[in-house]
Amino acid sequence: SWALRNIKDYLAYLDQRLSGKDYLTGKTFTVADSYCFVVVGWAKGMDIPLTPYKNLQAYLARVSQRPAVHKVLQEEGLLE
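Tell me about the pattern of salt bridges, and name the residues and values.
Summed over the entire model, instances satisfying the criterion amount to two salt bridges. Put simply, K27 and D22 hold a salt bridge, and the shortest N to O gap is 3.4 Å. Given a relative accessible area of 65%, K27 falls into the exposed group. Looking at D22, the relative accessible area reads 25%, which means it is partly exposed. Put simply, K71 and E75 hold a salt bridge, and the shortest N to O gap is 3.9 Å. With K71 and E75 both in helix α4 (residues 67–75) and four residues apart, this pair spans about one turn of that helix.

Written out as structure tokens, the structure is:
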């Protein structure tokens, strides 16, 4: 579908932009990372695989391990 194709294009773009970076703007975690983490996390609920996006997967893992993020995920029962 058109929407799925566009989502995949955006994920590919984001994956490319994260190459060599810890966070969206480089080494510093910002509010944009919080938002991105949540929005990209919706892909799981929509059965959109993130396996083709290695930089994005590493980014999500890195953000999820931040103490405050990890605490919220745990409290919300969102950890696997």
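Further notes follow.
So, the packing of helix α2 (residues 31–45) against helix α3 (residues 54–64): which residues are in play, and what are the values?
Between α2 and α3, whose axes approach to 11 Å, the crossing angle comes to 115 degrees. Viewed along their axes, α2 and α3 form a crossing whose handedness is left-handed. Between α2 and α3, the contacting residues are D33, C36, F37 and V40 on the first element and L56, Y59, L60, V63 and S64 on the second. Here the residues of the contact of α2 with α3 sort into seven nonpolar, one polar and one charged.

Kindly report on the nonpolar core, identifying the contributing residues and their values.
Across soluble globular proteins, nonpolar side chains show a tendency to be buried alongside one another. Membership of the largest hydrophobic core comes to 17 residues, with the highest contact counts inside it found for L11, V40, L50, L56, Y59 and L60. If we ignore the near neighbours within four places in the chain, the residues touching V40 are L11, L14, L50, L56 and L60.

Summarise the packing of aromatic side chains; cite the residues concerned and give the values.
What the rule picks out here adds up to one aromatic pair. Pairing Y23 with F29 gives two aromatic rings, centres 5.4 Å apart and planes at 80 degrees, and the pair type is edge-to-face. By relative accessible area, Y23 is classed as buried at 8%. The ring of F29 has R66 sitting right over it, with the charged end atom 3.9 Å from the ring centre.

Residue-level account of the side chain of S64, with values.
With respect to the secondary-structure elements, S64 resides in helix α3. Polar contacts involving the side chain of S64 include one to the main-chain carbonyl oxygen of A61, which spans 2.9 Å.

Break down the packing of helix α1 (residues 2–17) against α3 for me, citing the residues and quoting the values.
One can describe the packing of α1 onto α3 by two numbers: an axis separation of 7 Å at closest approach and a directional angle of 75 degrees. Comparing their axes, α3 and α1 come out roughly perpendicular. In this structure, α1 uses L11, L14 and D15 to contact α3, whose residues at the interface are K54, N55 and L56. Across the contact of α1 with α3, the residue classes break down as three nonpolar, one polar and two charged.

Criteria and thresholds
Residues numbered from 1 in each chain as written. Predicted model: local features only at pLDDT ≥ 70, side-chain atom pairs only at ≥ 80, totals over all residues. Heavy atoms only, no water. Salt bridge = Lys/Arg side-chain N within 4 Å of Asp/Glu carboxyl O. Buried < 20%, exposed > 50% of the residue type's maximum accessible area, 1.4 Å probe, protein only. Helix = DSSP H or I, 4+ residues; strand = E, 2+ residues; numbered from the N terminus. Axes fitted to C-alpha atoms, helices over the stretch in contact; angles between N-to-C directions. Left-handed = near helix turned anticlockwise from the far one by under 90°. Contact = heavy atoms within 4.5 Å. Nonpolar A, V, L, I, M, F, W, Y, C, P; charged D, E, K, R; others polar. Core = buried A, V, L, I, M, F, W, Y, C linked by side-chain atoms within 4.5 Å. Phe/Tyr/Trp six-rings, centres within 6.5 Å; stacked < 30°, edge-to-face > 60°. Lys NZ or Arg CZ within 6 Å of the ring centre and 35° of its normal. Polar contact = N/O pair within 3.5 Å; in protein donor to acceptor, adjacent residues only side chain to side chain. Parallel < 35°, antiparallel > 145°, perpendicular 65-115°, else oblique.

Without other data, these values stay purely geometric and don't point to any function.
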